[in-house]
Amino acid sequence: MNRLKDAIDLFHEVSFMATEVFHKGTSHDIFQHISPQQVELLKFLSLSSPASPGHLAIVQQVHKSAISNRLKKLYEKGFVKWIDSERDKRTKLVEITAEGERMLQQAEEAIYDKFCTLFENISSEDVEAFIRIFTDVKEQLKKGEKET
């Protein structure tokens, strides 16, 4: 169990470092139009759209007012749209638009270019191991999510 704790701690450390590298190294022109936090929000919506602002605040670990500001800016740029919840008509959900998907794709290409340069010396076997391990972790997290 101690090695599992080491793995979790390492995951957090790598995640924080990658976020720092991403935020410091976002000099690409695309980031004149969208912030890294907005890109992260679009990425989540691309994977799990539609979502409530409250859920997005939990995922991004920020206050609801921060999500509201991000969503307002994304809405004004045409990257997200508001829809009615099917379960509760009083609730509004947010969904990524086709234009938001295009912006996300451009931002991800810039991000991937940055990280591919950093990781060019990692062997293809290690990349495959990384994918296998993170796929397993993702499946375990999905199981845990269903239990809560």
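First things first, this report covers the structure right here in the doc. (Residues numbered from 1 in each chain as written. Predicted model: local features only at pLDDT ≥ 70, side-chain atom pairs only at ≥ 80, totals over all residues. Heavy atoms only, no water.)

Let's shift gears to the overall build of the protein chain. When helices and strands are counted, the protein chain shows six helices and two strands. The order of α-helices and β-strands along the protein chain, N terminus first, is α-α-α-α-β-β-α-α. Judged by the C-alpha coordinates and their principal axes, the protein chain covers about 50 × 40 × 25 Å. For the protein chain, the share of sequence-separated contacts (at least 6 apart) that also reach a separation of at least 24 residues comes to 50%. When the accessible surface of the protein chain is summed, it comes to about 11000 Å², and 55% of that surface belongs to carbon and sulfur atoms. (Helix = DSSP H or I, 4+ residues; strand = E, 2+ residues; numbered from the N terminus. Contact = heavy atoms within 4.5 Å. Areas by Shrake-Rupley, 256 points an atom, 1.4 Å probe, with all protein chains shown as cover.)

Looking now at the environment of Ser49. Along the chain, the position of Ser49 falls in the loop between helix 2 (36–48) and helix 3 (53–60). For the pair Ser49 and Tyr75, spaced 26 residues apart in sequence, the C-alpha separation works out to 15 Å. Setting aside chain neighbours within four positions, we find Ser49 in contact with Phe44, Val94, Glu95 and Ile96.

Bringing the side chain of Arg70 into the picture now. Counting through the fold element by element, Arg70 comes out in helix 4 (residues 64–76). One buried charged residue, Arg70, forms no salt bridge at all, with the nearest opposite charge on Glu40 at 5.9 Å. Once you skip the residues sitting within four places of it in the chain, Arg70 turns out to touch Gln37, Gln38, Leu41, Gln60 and Val62. (Buried < 20%, exposed > 50% of the residue type's maximum accessible area, 1.4 Å probe, protein only. Lys, Arg positive; Asp, Glu negative; His and termini not counted. Salt bridge = Lys/Arg side-chain N within 4 Å of Asp/Glu carboxyl O.)

Here we take up the nonpolar core. One finds Phe31, Ile34, Val39, Leu42, Leu45, Leu56 and Leu74 to be the most contacted residues of the largest nonpolar core, which totals 24 residues. Mapped by element, the contributors of at least two residues to this core are helix 2, helix 3, helix 4, strand 2 (92–96) and helix 5 (98–118). When residues in this core are grouped by element, the largest group, six residues, is from helix 5. Ignoring anything within four residues of it in the chain, the contact list for Leu74 reads Ile34, Gln38, Leu41, Leu42, Phe79 and Val80. (Core = buried A, V, L, I, M, F, W, Y, C linked by side-chain atoms within 4.5 Å.)

The N-to-C vectors of helix 2 and helix 4 enclose an angle of 85 degrees; their axes lie 10 Å apart at closest approach. The angle between the axes of helix 2 and helix 4 places the two elements in the roughly perpendicular class. Touching Gln37, Gln38, Leu41 and Leu42 of helix 2 are Ile67, Arg70, Leu71, Lys73 and Leu74, all from helix 4. (Axes fitted to C-alpha atoms, helices over the stretch in contact; angles between N-to-C directions. Parallel < 35°, antiparallel > 145°, perpendicular 65-115°, else oblique.)

Taking 1.5 Å per residue, 13 residues should reach 18 Å; helix 2 reaches 18 Å between its end C-alpha atoms and fits that length. Within the span of helix 2, buried status applies to Pro36, Gln38, Val39, Leu41, Leu42, Phe44 and Leu45. (Expected span 1.5 Å × (residues − 1).)

By themselves, these figures tell us nothing about what the structure is for.
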